[in-house]
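In case you want the letters, here they are:
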Amino acid sequence: MTDSIFSKIIRGEIESHKIYEDDFVIAILDIGPLSEGHALVIPKEPAVTIDELSDEHAAAVGRVLPRITRAIKKVTGARAVNILQNNGADAGQAVEHVHFHIIPRFKDRGENVAGKPDIKNGPGLQMIWNPGTLTQEEALELGKHIKRLL
Ligand code: 5GP
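Since the model is a prediction, treat every value here as computed from it, not as a measurement.

Rules used in this analysis
Residues numbered from 1 in each chain as written. Predicted model: local features only at pLDDT ≥ 70, side-chain atom pairs only at ≥ 80, totals over all residues. Heavy atoms only, no water. Core = buried A, V, L, I, M, F, W, Y, C linked by side-chain atoms within 4.5 Å. Buried < 20%, exposed > 50% of the residue type's maximum accessible area, 1.4 Å probe, protein only. Helix = DSSP H or I, 4+ residues; strand = E, 2+ residues; numbered from the N terminus. Lys, Arg positive; Asp, Glu negative; His and termini not counted. Salt bridge = Lys/Arg side-chain N within 4 Å of Asp/Glu carboxyl O. Contact = heavy atoms within 4.5 Å.

(A) Expanded view of the nonpolar core. Among the nonpolar cores identified, the biggest contains 15 residues, and Val25, Val41, Val61, Leu65, Ile68, Phe100 and Ile102 are the most heavily contacted of them. Where this core is concerned, the elements lending two or more residues are strand E2 (25–29), strand E3 (39–43), helix H2 (55–76) and strand E5 (100–105). Of the residues forming this core, the biggest block, six residues, is contributed by H2. Ranked by size, the runner-up nonpolar core spans seven residues in total, among them Phe6, Ile10, Ile26 and Ile28.

(B) Main features of the side chain of Glu45. Mapped onto the elements of the fold, Glu45 is located in the loop between E3 and H2. As a buried residue without a salt bridge, Glu45 has its nearest oppositely charged side chain in Arg63, at a separation of 12 Å. Among all residues touching Glu45, those that are not within four sequence positions of it are Glu52, Leu53, Ser54, His57 and His97.

Structure representation (structure tokens):
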């Protein structure tokens with residue numbers, strides 16, 4: 001548990017552009033948007049990573065993510081969206097309080113001009129996806145151990 005900048009935002013000690021709030025969740029516009037409409041959905045529980053989050057708060061986030069995503073898509077005109085959730089510094093997590101990024105994608109608006117960041121002409125987000133392979137034996141062995149804990 002930690003007192004992050006998001007805890008301060010939740011308590012209203014730091015200003016934010018709040019777009020949604022209920023008893024368990026707050027959603028704000030990201031201060032450093034990767035694209036127009038980039039927002040953060042944050043459970044009020046001060047868990048650092050998703051594996052620390054209670055079922056109750058996880059469910060509350062899941063309940064509102066689709067609705068907030070729909071509103072952002074409608075307002076921005078985005079046809080595609082990434083939901084991104086970083087856990088731990090090695091995964092790129094900067095703020096130590098669970099949060100879900102809603103990142104609208106605008107491929108049809110063209111690529112960024114190098115050196116000229118312009119979130120309306122993204123992509124502010126680029127992902128390199130290098131898939132490996134999974135053998136039947138590896139899957140059975142790995143799956144067996146994970147299932148035992150669930
Ligand atoms: P992470 O890398 O931890 O997944 O992402 C943290 C995000 O929080 C970043 O996209 C960053 O721009 C955003 N952020 C950090 N501090 C603030 C803040 O004070 N206000 C808002 N609205 N966003 C913040």
